[in-house]
Every structure is written in C-alpha cells, then in structure tokens.
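Descriptive structure summary
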Amino acid sequence: ETANIGVVGLAVMGSNLARNLASREGNTVAVYNRTHARTEELVAAHPEAGFVAAGTIDDFVASLARPRTAIIMVKAGAGTDAVIDQLAERFEPGDIIVDGGNANFQDTIAREKRIAPTGVHFVGVGISGGEEGALNGPSIMPGGSAESYETLGPILASIAAVAKGEPCVTHVGTDGAGHFIKMIHNGIEYADMQLIGEAYDLLRTVGGLEPHAIADVFAEWNKGSLESYLIEITAEILRQVDSATGKPFVDIVLDQAGSKGTGVWTVQNALDLGVPVGGIAEAVFARAVSAKPAQRAAVRRSAASRPQPQKADAGFADDVAKALYASKVVAYAQGFDAVLAGAEKYGWDIHKDRIAKIWRGGCIIRARFLDRIAEAYTDNPDITTLLEAPYFAQAVTQGEDAWRRIVATAALSGVPVPGFSSALSYYDSLAAERLPAALVQGQRDFFGAHTYRRTDREGTFHTLWSGDRTEVDVTHSTH
Ligand code: NBP
C-alpha cells in the first residue's frame, strides 16, 4: 500500500498520464495494464518514474493506499466497463474510480448510479490535450461527488496545465458533468477548426496567396487577439512541404475530413436541449460533406462553371481576421449556451467563468480569447449570451462590416463558408427587430391548429382558417 494513485490502461494516454503523475512531488504511481508486456515496457523505459508495477488487478488494488484512487485510461465503451467492474469488486467505500477516457457523459451518469450504492465514488473526468497534454499538463474537467474531489482535486491540480498561475482544473459539477464539458469543448474545437479552414480557403482562393504566405498571415494573427493553439499549429501545417513531391503538405492531403464522434454528440445533445449550436453543427456537417466524394464529383461535373473569385483589395486579410473573430465569438457563445442548458437539465452547479479559465491552457482550444470569456463571465455571470458582454459586443460591432463583406465575397466567389455565414445569420437573428417566426407560427396554425400568441395582448389564439377566418381566443380551452 505504497501508491497514492494508480493508472489502469497504459496505451499512449495512460502511459503519459502516469509519467506526468510520477514526475510530481509527493506522488507514487501504481500502474496496471491488461496485457502485462505494456506495463513492463513502460516501467523499463522510465525507471526515473519509480512506478509500482502490478501484474494483476489484485496486486494493483493491494498497492494503493486508502482512499484508493485509480484512473482508468482505456478504450471508451466495453473496455471501460470491464475495468470499472474489476475495480468496483475490490474497492471499499470511500475509494475512488476515475474514468479519464472519452466516455459519453450519459454512460458516465449511468455508471455513477450503478457504482454509488457500493459507497465507492465513480468520477468521470474529461481530459483534453492529447498525448502531449497528458504528459506535460492537460486541461482537466472532473465531475463526480464533491467528497471525491477533496482527494482527487490536489492530485489533478498537480498534473494539470497552468494558465496565468492557476492549474487548469476545476470541479465542474457532479456525475457526468466532466465528460459533458469535455464534449462541449470538443464541439467548440470543431467549430474553431472549421472557421480557421474557411479563413484559409478565402485567403487562398480570393486572396490569391500561397500556403507559405498564408502561414505568415496566421503567424501574424497569432500575435494578436486571435492568438491560440489552433492558429499556431495552422501556420506550421501551412509551412510544411511534402518531401516526396515538394508540394505544400496541405495540397497532398486528401480533402475528406474524419471525426471520432464528440462533435456529433455535442450537436445531438444540443438538439435535445433545444440550444442552437449552428457553428458546431455546420462544422460537423462540413466534414460530412467533404467525405462525400461521389456527390462532390457529380455536382462538380454538372455545375456549369465556377464563379470567378472576386478581386481582393488591400484590406482583405484584415477583413478575414475580423470575420473569423466575430464568428468565433458566436461559436463560443453557442458552446457556453450548451454548457448552461446541460447544467440546468442535469442539475450541475456550473460556473462558466471557471470553465473558461480551465480551457485557457493544456487543451486544444486554449487561447488568449478565453481570458476575455473568463472576464466576461466573472464580471457578470448572468449575461444571457456572450455576445452581450461589453468586450465582445464591441469586438463584433467593430468587425461587423468586414464580416458582411467577407460572407458576401465568399458567396460571389463560390467559396463555401458555412461557419462564417451561419454565425452571421445567427447574429442577425438575435439582432433583428422582428423574425419571420411570426409567419411560421401562422403556417403552423393554418395546417395544424397549433395556435399562436399576439404581440398586443396576453392569451393563446387560433384563426378558423378553413371556416370564416375569424380569430378565437383559446386561452382557457383544454387544447
Ligand atoms: P486506446 O483507446 O487505444 O485503448 C487501449 C487501452 O485500452 C489499452 O491499455 C488496452 O489494454 C485497454 N483495454 C481495451 Br482496448 N479493452 C480492455 C479491456 N476489456 N480490459 C482492460 N483493458 C482494456 O488507448 P489511448 O489512445 O491511450 O486512449 C485512452 C483513453 O483516452 C480513451 O478513452 C481515449 O478515447 C482517450 N483519449 C483521449 C485523448 C485526449 O486528448 N483526451 C486522446 C486520445 C485518447 P491492452 O494493452 O491489454 O490491449
């Protein structure tokens, strides 16, 4: 009973997390993997870590000091359930089972319910940052009970990324909250990547710039308000040259994007929660469209001709930067709306400012931008949308003309900008004095007697469309 923390599952993520834990003062780390060879490899490669290697699950459990705390880093799904069961059988009340994999938060809620009666804490933890983050400091989003966090919090804080002197970890809420927040993080990541992709396409197709020149533009942007990990790696990718052909790397990659499902989960859940996350949805759909080669070829053949790209003026790149920034504000506003809606539905005491803070370091969407979001929610946690926060309201207003020019230019040039244009439509929908939703209500009442409310007085009304077209007040009818 010498280890204060254990890791089960020693593929790339588990190994790196175990090494990260072992490198921090005060931690002794027990390690276990189903296939023992993996454990032996890790221990042999990293004698400096002082791992306590376990050959069996019983040895592993026996090596943990109480309350026993074990982080599972195995393939999400059946593997996770198998390991949870093995640990739950052996653990005692007060011990803590952590799932650090990419579980669906609904599974995490169900698992917590299943384990809770045994007195063992089950904690779903979202971890972002990939292999690199796991080793050097990820952004960590733990759910689970407040009691478990007393033990787990300091351990996670010791390995998390640090942003502005604060570890990128906070107890985001109970049961599945951690995996839910990680899911939304990934959804926002999809939107951000898509917007950056559109900016690149515009700079290339309309701006006439080669990839290395666009890399310079992105590197420049990375010195200002757009500074982020994704902008930084984009510049590096655009600079990359394929050694086999001498062509830009971006030109030899097949333009069909894959996905592993977290973006889809975000959109599915947002639909259930009734939260408009168009920016995230368009990003998921854009990947899906890219991966339809037969349809793309068919329409390319039947399209008469492609429009001639508009002429780019001197301020074009600046316009694109402004459109990108404004669209980003929309995507993050939508993501935080989903966070709030999830918290309300599942009963989590979410602090949006703390979530913005733990996304400032370690994770894929880390960005200077998140400082501003954290400030906005700290200043006023009750704003109805990020777009109303003074800093962002001003940024969007200042970039608005450029944003409109860019969406119009893209349309006239035949450059697809589902992210930019849906973000602008979302903004215009919120900003409009009147929406055509009034007409839609009329249509719904016409064919389905779905009723409507009036602008000028309280109550619920229906027009006798198939009769004499007079209006009846149905406020008190059991309709
Ligand atoms: P994998 O997702 O490839 O899973 C491999 C590990 O799962 C191995 O240790 C394997 O043991 C173990 N395993 C499987 Br598969 N079935 C098992 C079972 N029935 N019982 C016990 N162990 C089982 O590993 P990874 O890529 O390191 O990812 C680990 C987790 O982290 C996943 O949930 C993944 O989605 C998540 N992840 C997160 C990020 C991120 O950025 N946060 C990145 C990548 C992955 P074996 O050696 O005996 O086969």
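Residues numbered from 1 in each chain as written. Predicted model: local features only at pLDDT ≥ 70, side-chain atom pairs only at ≥ 80, totals over all residues. Heavy atoms only, no water.

Short version of the rule: UniProt positions are given in the numbering used here, feature names are shortened, and annotations may be inferred rather than shown by experiment.
Under an unreviewed UniProt entry, the name given to the chain is 6-phosphogluconate dehydrogenase, decarboxylating, and the organism recorded is Streptomyces poonensis. Regarding the chain, the UniProt comment filed under Function (unreviewed entry) reads as follows: "Catalyzes the oxidative decarboxylation of 6-phosphogluconate to ribulose 5-phosphate and CO(2), with concomitant reduction of NADP to NADPH." In its Subunit (unreviewed entry) section, the UniProt entry covering the chain states "Homodimer."

**Some points on the side chain of R287**
The following threshold applies: Helix numbers and strand numbers start at the N terminus; a helix is a DSSP run of H or I with at least 4 residues, a strand a run of E with at least 2. Three labels apply to residues, based on accessible area from a 1.4 Å probe with only protein chains included: buried if under 20% of the type maximum, exposed if over 50%, partly exposed otherwise in between. Counting rule applied: Lys, Arg positive; Asp, Glu negative; His and chain ends not counted. Every case where a carboxyl oxygen of Asp or Glu lies within 4 Å of a side-chain nitrogen of Lys or Arg is listed as a salt bridge. Residue contacts are defined here by distance: any two heavy atoms, one from each residue, within 4.5 Å place the two residues in contact.
Within the secondary structure, R287 is located in helix α13 (residues 278–290). This buried residue, R287, is left without a salt bridge; E189 holds the nearest opposite charge, at 5.6 Å. Aside from chain neighbours lying at most four places away, what touches R287 is Y190, M193, A257, G258 and S259.

**Re the layout of surface pockets**
To be explicit about the condition: A cavity here means a set of points on a 1 Å grid, drawn over the protein atoms and nothing else, where a 1.4 Å probe fits but cannot get out; a pocket is an open set with protein on both sides within 12 Å along at least five of seven lines, and a residue lines either one if it has an atom within 4 Å of a point. Grid points are joined across faces, edges and corners, and a volume is the space filled by probe spheres set on the points. Each residue is assigned to one class: nonpolar for Ala, Val, Leu, Ile, Met, Phe, Trp, Tyr, Cys and Pro, charged for Asp, Glu, Lys and Arg, and polar for all the others, Gly among them.
In this model, the largest pocket occupies a volume close to 1,900 Å³. Lining the largest pocket are 44 residues, with G197, Y200, D201, D255 and S290 sitting closest to its centre. For the lining of the largest pocket, the secondary-structure elements that each account for two or more residues are α8 (177–205), α10 (229–239), α11 (249–252), α13 and α14 (293–302). It is α8 that provides the largest number of residues to the lining of the largest pocket, a total of 10 residues. Within the lining of the largest pocket, the residues separate by chemical class into 24 nonpolar, 9 polar and 11 charged. Here the second largest pocket defines a volume of roughly 1,300 Å³. Together, 40 residues line the second largest pocket, and M13, V74, K75, N102 and K260 are the ones closest to its centre. Elements represented by at least two residues in the lining of the second largest pocket include exactly α1 (12–22), α4 (78–90), β6 (121–128), α6 (130–136), α8 and α12 (262–273). Among the elements that take part in the lining of the second largest pocket, α8 stands out by supplying 6 residues, more than any other.

**With respect to helix α19 (residues 418–431)**
Formally: Expected span of a helix: the number of residues minus one, times 1.5 Å.
Given a rise of 1.5 Å per residue, 14 residues ought to cover 20 Å, and the 20 Å separating the end C-alpha atoms of α19 matches this to within 8%. The complete set of buried residues in α19 reads G419, F420, S422, A423, L424, Y426 and Y427. Buried residues in α19 make contact with α8, α13, α15 (316–346) and α18 (390–413).

**Description of the side chain of N16**
With respect to the helices and strands, the residue N16 is situated in helix α1. Setting aside anything within four residues of it in sequence, one finds N16 in contact with E131, A134 and L135.

**Re the pairing of strand β7 (residues 139–142)**
We apply this condition: Two strands are counted as paired when DSSP detects at least two bridges linking them.
Every second residue of β7 is oriented toward a common face, with S139 and M141 on one face and I140 and P142 on the other, all of them buried. When β6 meets β7, the two strands line up antiparallel, connected through 4 bridges. Residue pairing for β7: I127 is matched across the bridge by I140.

**With respect to the packing of α4 against helix α5 (residues 105–115)**
Going by this rule: Between the N-to-C directions of two axes lies an angle of 0 to 180 degrees, each axis being a line fitted to C-alpha atoms and, for a helix, fitted only over the stretch in contact. Oblique is the label for any angle not under 35 degrees, not over 145, and not in the 65 to 115 range, which are roughly parallel, roughly antiparallel and roughly perpendicular in turn. Helix crossings fall into two classes, left-handed where the near helix is turned counterclockwise from the far one by less than a right angle and right-handed where it is turned clockwise.
Contact pair α4 / α5: the axes reach a minimum separation of 12 Å and the direction vectors enclose 20 degrees. Classed by the angle they form, the pair α4 and α5 counts as roughly parallel. In this structure, α4 meets α5 at a crossing whose hand is right-handed. When α4 is examined against α5, the residues T80, D81, I84, D85 and A88 are found in contact with a partner set consisting of R111, R114 and I115. For the contact of α4 with α5, the residue count by class is 3 nonpolar, 1 polar and 4 charged.

**Some thoughts on the pattern of salt bridges**
Under the criterion given, the structure shown has 26 salt bridges. We note a salt bridge from R457 to E471, for which the minimum N-O separation is 3.5 Å. With R457 in the loop between α20 (437–448) and β10 (461–463) and E471 in strand β11 (residues 471–473), this residue pair connects regions lying 14 residues apart in the sequence. Each of D81, D85, D99, R111 and R114 takes part in salt bridges that share partners, so that together they form one network.

**Structural notes on the environment of G144**
Following the sequence through the fold, G144 ends up in the loop between β7 and α7 (146–159). Looking at G144, the relative accessible area reads 0%, which means it is buried. Sequence spacing of G144 and K223 is 79 residues, and the spatial spacing of their C-alpha atoms is 38 Å. Not counting chain neighbours up to four residues away, the residues in contact with G144 comprise F122, V123, H171, G173, T174 and D175.

**Observations concerning the packing of aromatic side chains**
Which entries qualify depends on this criterion: Ring pairs are drawn from Phe, Tyr and Trp, using the six-membered ring of Trp, whenever the two centres fall within 6.5 Å, and their geometry is named by plane angle: stacked under 30 degrees, edge-to-face over 60, tilted for the rest.
The final tally for this structure, using the stated rule, is 17 aromatic pairs. Geometrically, the ring pair formed by F105 and F180 is edge-to-face, given 4.9 Å between the ring centres and 85 degrees between the ring planes. Highlighted residues: F105 in helix α5 and F180 in helix α8, separated in sequence by 75 residues. Given a relative accessible area of 1%, F105 falls into the buried group. Given the relative accessible area of 1%, F180 is considered buried. Between F180 and W348, the ring centres sit 5.2 Å apart and the planes meet at 55 degrees, which makes this aromatic pair tilted. Of this pair, F180 sits in helix α8 while W348 sits in the loop between α15 and α16 (352–358), placing them 168 residues apart in sequence.

**As for a nonpolar patch on the surface**
Heads up, the condition is: Patch definition: residues above 30% relative accessible area lacking any salt bridge, with like charges linked at up to 9 Å and the nonpolar side chains Val, Leu, Ile, Met, Phe, Trp and Tyr linked at up to 5 Å. Accessible areas in this description were obtained via Shrake-Rupley with a 1.4 Å probe; residue shielding takes into account the shown protein chains only.
Where nonpolar side chains cluster on the molecular surface, the patch consists of I237, F249, I252 and V253 and spans about 290 Å² of accessible area. Tracing the backbone through its elements, the reader meets V253 in the loop between α11 and α12.

**Structural notes on the UniProt feature "domain: 6-phosphogluconate dehydrogenase C-terminal" (unreviewed entry) in the chain**
Within this numbering scheme, the UniProt entry marks residues 178–466 as carrying the feature "domain: 6-phosphogluconate dehydrogenase C-terminal" (unreviewed entry). Taken as a whole, residues 178–466 contains 65% helix and 1% strand, while its terminal C-alpha atoms sit 52 Å from one another.

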